[in-house]
Amino acid sequence: MVTGLAAYAVSERSSRGRHYPESPPAHRTEFQRDRDRIVHCTAFRRLEYKTQVFVNHEGDMFRTRLTHSLEVAQISRTVARALGLNEDLAEAIALAHDLGHTPFGHAGQEALDECMRANGGFEHNIQSLRVVDRLEERYAAFPGLNLTFETREGILKHVGRAKARMLGEVGRRFLDRTHASLEAQVTNIADEIAYNNHDIDDGLRSGLIDLGQLETLSIPAEQLAQVRREYPRLDTKRLTAEAIRRAVNAEVSDLVDESQRRIGARAPADVAAVRAAGVALIGFTETMRVRHDELKRFLRDNLYRHPRVRSMTERAALIVRALFAAYLADPAALPERVAVAGATAVQPPTLARQVADYVAGMTDRFAIAEYRRLIGPIDMN
Ligand code: MG
């Protein structure tokens, strides 16, 4: 059904299919079907109330996991289409990539991982796969969303060898050091382009970073100077918005051009050749990669570790740890549905894993409400 795909793109014909066989969709591609199932699932809707950097109630203008995922999908589609890749697959992977995130972003994930240390740990990337493979309960014929192999594989961005061994075929590339499809490679970098730039935007709007700091970084400095030259009387709000817009565009253009060059040099005949290429065929030029990493480091040191973000982060970790301990000590506090799902599963998960699944699925505001209900008051301002 898909036309105009390059030989090295993932196609329906070359797809390794779904775990539970289904008849083909009538009016969509298999990857459109994956995308649609993701958009209709519960975990996707909850992304709206999950932290990206700023906790959800801190302001209505900041990115959430949902708007972040939409930005990743937009960038992924642009790059995929420009390179003759499977746009539907890239979009499906992008929309699903953060489904396993805990409430409160990375602070929540680190706290939950600590709680689960004796029980196999917790990793949001693997959790995203667990959500689409098992935790969503929407279809009569199978657990999870029964997505195609290619979408499921693309969701896994980085997995250690020990964990990859437990994932079966979908984790194989981390063991034999082959590469994922080009569509998955595109989505991974689109994720970074999106958060690097929108975190700068949110960081400025929150007042935690300022324009002066951006002048010291190569990508923003160059874009700001260019916009000022062309529009000398622009106010700060539009100046920064225009500079960030151009920065996204510059990164995307560099990515498309450099990836085109690498693909051209290797001329992979099909997806198998992409996987065996030995190097990632999707990537920035060396100059852009260095500049991109500079931005990443800046955000880590100045925004993610900012005292105000940190103080929220510490309370978030406290909430996650306390909820985990409370449900573990008193499973009766869990909703009945969670306990029933565990009891009837073919391989029942441990209580710790059930609690981790439940806590990970929470939105920021629900986790705060549960803390107040089960443990006590907490000031989140
Ligand atoms: Mg992301």
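Everything here concerns the structure above.
Okay, so let's go over this structure. Predicted model only: the values in this text are computed from it and were never measured.

What counts and how
Residues numbered from 1 in each chain as written. Predicted model: local features only at pLDDT ≥ 70, side-chain atom pairs only at ≥ 80, totals over all residues. Heavy atoms only, no water. 1 Å grid on protein atoms, 1.4 Å probe; cavity = no way out; pocket = protein on both sides within 12 Å on 5 of 7 lines; lining within 4 Å. Points joined across faces, edges and corners; volume = space filled by probe spheres on them. Helix = DSSP H or I, 4+ residues; strand = E, 2+ residues; numbered from the N terminus. Nonpolar A, V, L, I, M, F, W, Y, C, P; charged D, E, K, R; others polar. Donors = N, O, S within 2.8 Å, 3.2 Å for Na, K, Ca; no water. Buried < 20%, exposed > 50% of the residue type's maximum accessible area, 1.4 Å probe, protein only. Polar contact = N/O pair within 3.5 Å; in protein donor to acceptor, adjacent residues only side chain to side chain. Core = buried A, V, L, I, M, F, W, Y, C linked by side-chain atoms within 4.5 Å. Contact = heavy atoms within 4.5 Å. Phe/Tyr/Trp six-rings, centres within 6.5 Å; stacked < 30°, edge-to-face > 60°. Lys NZ or Arg CZ within 6 Å of the ring centre and 35° of its normal. Expected span 1.5 Å × (residues − 1). Salt bridge = Lys/Arg side-chain N within 4 Å of Asp/Glu carboxyl O.

**A closer look at the layout of surface pockets**
Taken as a whole, the second largest pocket holds about 1,000 Å³ of empty space. Lining the second largest pocket are 42 residues, with Gly105, His106, Ala107, Glu110 and Tyr304 positioned closest to its centre. Secondary-structure elements contributing two or more residues to the lining of the second largest pocket are helix H3 (65-82), helix H5 (105-115), helix H6 (124-135), helix H7 (149-155), helix H10 (182-206), helix H15 (286-304) and helix H16 (307-329). Sorting elements by how many residues they give to the lining of the second largest pocket places H16 first, with eight residues. Here the residues of the lining of the second largest pocket sort into 13 nonpolar, 15 polar and 14 charged.

**Examining the coordination of the magnesium ion**
Protein ligation of the magnesium ion involves His68 (NE2), His97 (NE2), Asp98 (OD) and Asp191 (OD), the donor distances falling in the range 2.1 to 2.7 Å. Motif for the magnesium ion, donor spacing along one chain: H-x28-H-D-x92-D. Highlighted residues: histidine 68 in helix H3 and aspartate 98 in the loop between helix H4 (87-96) and H5, separated in sequence by 30 residues. We note that histidine 68, like aspartate 98, is buried.

**What about unusual backbone geometry?**
Even without glycine at this site, asparagine 146 takes up a positive phi of about 50°. As for its placement among the helices and strands, asparagine 146 is situated in the loop between H6 and H7. Judged by its relative accessible area of 5%, asparagine 146 is buried. Positive phi outside glycine occurs at arginine 177, with the angle close to 55°.

**Details of the environment of aspartate 176**
Among the structural elements, aspartate 176 can be located in helix H9 (residues 172-176). The spacing of aspartate 176 and alanine 276 is 100 residues in sequence and 9.8 Å in space, taken between C-alpha atoms. At 2.8 Å, the side chain of aspartate 176 and the side chain of threonine 178 are in polar contact.

**Some thoughts on the nonpolar core**
Within the largest apolar cluster, 73 residues are counted, with the highest numbers of intra-cluster contacts made by Ile38 and Leu99. Those residues in contact with leucine 99 that sit more than four places away from it in its chain are Ile38, Cys41, Ala43, Phe44, Leu47, Ser128, Val131 and Val132. With 31 residues, the next largest nonpolar core counts Met312, Val338, Tyr358 and Ala360 among its residues.

**Description of empty space enclosed by the protein**
Tallied over the full model, the rule gives two cavities of 30 Å³ or more. In this structure, the largest cavity is lined by Asn197, Ile200, Leu204, Leu214, Ile219, Pro220, Leu224, Thr240, Ala243, Ile244, Ala247 and Leu295. Those elements that place two or more of their residues in the lining of the largest cavity are H10, helix H12 (218-230) and helix H13 (236-266). Ranked by residues supplied to the lining of the largest cavity, first place goes to H13 with four residues. Taken together, the residues that form the lining of the largest cavity break down as 10 nonpolar, two polar and no charged. Approximately 40 Å³ is the volume found for the second largest cavity. In terms of lining residues, the second largest cavity is bounded by Val53, Phe54, Glu58, Leu208, Arg308, Val309 and Met312.

**So, the packing of aromatic side chains**
Per the stated rule, a full pass over the model turns up three aromatic pairs. Ring centres of tyrosine 327 and tyrosine 358 lie 5.4 Å apart, and the angle between their planes is 75°; this geometry places the pair in the edge-to-face category. In this pair, tyrosine 327 is assigned in helix H16 and tyrosine 358 in helix H18 (residues 351-361), connecting sequence segments 31 residues apart. Among the aromatic residues, those joined into a cluster by ring pairs are Tyr20, Tyr139 and Phe142. In this arrangement the basic side chain of arginine 16 is found over the ring face of phenylalanine 149, its NZ or CZ atom lying 4.0 Å from the centre. The aromatic ring of tyrosine 139 is capped on one face by arginine 37, whose charged end is 4.9 Å from the ring centroid.

**What to know about H12**
Structurally, the α-helix is built with 3.6 residues per turn, so residues lying three or four positions apart point the same way. Taking 1.5 Å as the rise per residue, H12 with 13 residues should run 18 Å; its terminal C-alpha atoms sit 19 Å apart, in good agreement. Among the residues of H12, Ile219, Pro220, Ala221, Gln223, Leu224 and Val227 are the ones counted as buried. Looking at the buried side of H12, the elements it contacts are helix H11 (211-214), H13 and H15.

**Overview of the pattern of salt bridges**
Inspection of the entire model under this criterion finds 38 salt bridges. Residue glutamate 169 is joined to arginine 16 by a salt bridge in which the shortest nitrogen-to-oxygen separation is 2.6 Å. In this pair, glutamate 169 sits in the loop between helix H8 (161-165) and H9 while arginine 16 sits in the segment before helix H1 (30-39), placing the two residues 153 residues apart along the sequence. What makes arginine 16 partly exposed here is its relative accessible area of 47%. Of the charged contacts in the structure, one is a salt bridge between aspartate 191 and lysine 157, with a shortest N-O distance of 3.2 Å. Of this pair, aspartate 191 sits in helix H10 while lysine 157 is found in the loop between H7 and H8, placing the two residues 34 residues apart along the sequence.

**Some words on the environment of leucine 89**
For leucine 89, the location among the structural elements is in helix H4. The exposure class assigned to leucine 89 is buried, which follows from its relative accessible area of 0%. Each C-alpha atom of the pair leucine 89 and arginine 35 lies 7.6 Å from the other, and the pair is 54 residues apart in sequence. When sequence neighbours within four positions are dropped, the list of residues in contact with leucine 89 reads Val10, Phe31, Glu150, Thr151, Ser181 and Glu183.

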